[in-house]
Amino acid sequence: MNKIMIDEQLEGIRIDQYMALLLGDYSRSVIQAWIEDGKILVNDKTTKRNYRLKESDVVSYEITEKDTTIQPIKMDLDIVYEDEHLMVVNKPKGLIVHPSPSTLNQATLVHGLLAHTNHLSDLNGELRPGIVHRLDKDTSGLLIVAKTNEAHELLVEALKNREISREYYALVHHAFPHQSATVDAPIGRDTRNRQRMTVTDKNSKEAVTHLFLVEKFKDHSLLRCKLETGRTHQIRVHCSYIQHPIVGDATYSYKNTLDTQGQCLHAFRLKFTHPITHEALEFESQMPQIMQDTINEVRRLDS
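Rules used throughout
Along each chain, numbering runs from 1 in the same order as the chain's sequence is written. Per-residue local features are limited, in this predicted model, to residues with pLDDT of at least 70; the limit for side-chain atom pairs, both in listing and counting, is 80 or more; totals at the level of whole chains, interfaces and linings are taken over all residues. With hydrogens and water excluded, all non-hydrogen atoms of the structure serve as input to the side-chain values. In this analysis the probe radius is 1.4 Å and the grid spacing 1 Å, with only protein atoms considered; a cavity is a set of points the probe fits into but cannot get out of, a pocket is an open set with protein on both sides within 12 Å along at least five of seven lines, and lining residues have an atom within 4 Å of a point. Grid points are joined across faces, edges and corners, and a volume is the space filled by probe spheres set on the points. By the criteria applied, helices consist of DSSP H or I runs no shorter than four residues and strands consist of E runs no shorter than two, each listed in order from the N terminus. Note that Gly is not counted as nonpolar here; it falls among the polar residues with everything else outside the nonpolar set of Ala, Val, Leu, Ile, Met, Phe, Trp, Tyr, Cys and Pro and the charged set of Asp, Glu, Lys and Arg. Exposed residues in this analysis have more than 50% of their type's maximum accessible area, buried residues have under 20%, and partly exposed residues fall in between, with area computed by a 1.4 Å probe over protein chains only. Strands qualify as paired when DSSP identifies two bridges or more between them. Aromatic contacts are taken between Phe, Tyr and Trp rings whose centres are within 6.5 Å, Trp giving its six-membered ring; a plane angle under 30 degrees counts as stacked, one over 60 as edge-to-face, and the others as tilted.

With respect to the layout of surface pockets
Computed from the structure, the second largest pocket encloses a volume of approximately 390 Å³. If you go around the second largest pocket, you meet 18 residues; those closest to its centre are Gly188, Arg189, Arg194, Lys202 and Asn203. When contributions to the lining of the second largest pocket are tallied by element, the ones reaching two or more residues are strand 9 (187–189) and strand 10 (197–199). Per element, the largest residue contribution to the lining of the second largest pocket is three residues, and it comes from strand 9. Residues that form the lining of the second largest pocket fall into these classes: two nonpolar, seven polar and nine charged.

Description of the pairing of strand 1 (residues 2–5)
What you see with strand 1 is a clean split: Asn2 and Ile4 sit on the buried side and Lys3 and Met5 on the side with no burial. When strand 1 meets strand 3 (residues 58–61), the two strands line up antiparallel, connected through four bridges. Its bridge partner being in strand 3, Ile4 is matched across the sheet by Val59.

Quick word on the packing of aromatic side chains
As enumerated under the stated definition, the model contains three aromatic pairs in all. Relative to Phe268, the ring of Tyr169 has its centre 3.9 Å away and its plane inclined at 10°; by these criteria the two rings are stacked. Residue Tyr169 is located in strand 7 (residues 165–173), and its partner Phe268 is located in strand 13 (residues 265–273); the two are separated by 99 residues in the primary sequence. Taking the relative accessible area as the measure of exposure, Tyr169 reaches 22% and is therefore partly exposed. On the basis of an interplanar angle of 40° and a centroid distance of 6.3 Å, the ring pair of Phe272 and Phe283 is categorised as tilted.

Nothing here speaks to function; it is geometry throughout.
In structure tokens, the structure reads:
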């Protein structure tokens, strides 16, 4: 039986809508019939077709007519660290981390990981083996992959306890007026657009981002962003909320923002204690060339 653990990004979506997206060859009415027949379960129990998914729900189903197995795809992965317990990967801009209902047929980081190793944790089900935390498709940089379930469980606990330090570079619109600032504003799904997140006090979770000015230009700023929490789209939403949206962000920035093939956001630094060996680990990666070129162009234009 196929099992999928629901994460924050999918929270609030109706079970019939989610399964219709996941099993794209079948109509919503067919999916609803399967739900009523008990072929699709939530937390091993039958459910109603209008049930809205919650984070950590486990959806299980067995539809033999459609093969949703992920096939390995050989990729030139930028692996900056690897041992028998975990990996640290430098994800390129434009690569989706793992398959989702709308991207089952696209190559993702998970496809490349499966071609690289047979050892990935399976706590998150077949669609997300090894994935401890994510980066958006157009956000580049460092992320952790678990190779064993023990390491995965301990890394997730470390994330919850805010023991993993994640820092980003973000090129934003407008001159940032502070040397440092903290945005403490809860984030939840936008009720008017389920694909967006927003600052809201309704059905939201605590979200805290620390911002530090790296370089200020006439109409732009380069910020170092340190996550205290890790909500979906957190830095993008918080920067937009304080009216310094990220350059190139098609979802949260201005319509006339620069075309940089997605947001200028790069996860450049990762610090954590190895969950098994207890070794202190720290990694850094250079921002992608297109982001560096954009900064250089902004520096030239704003000088």
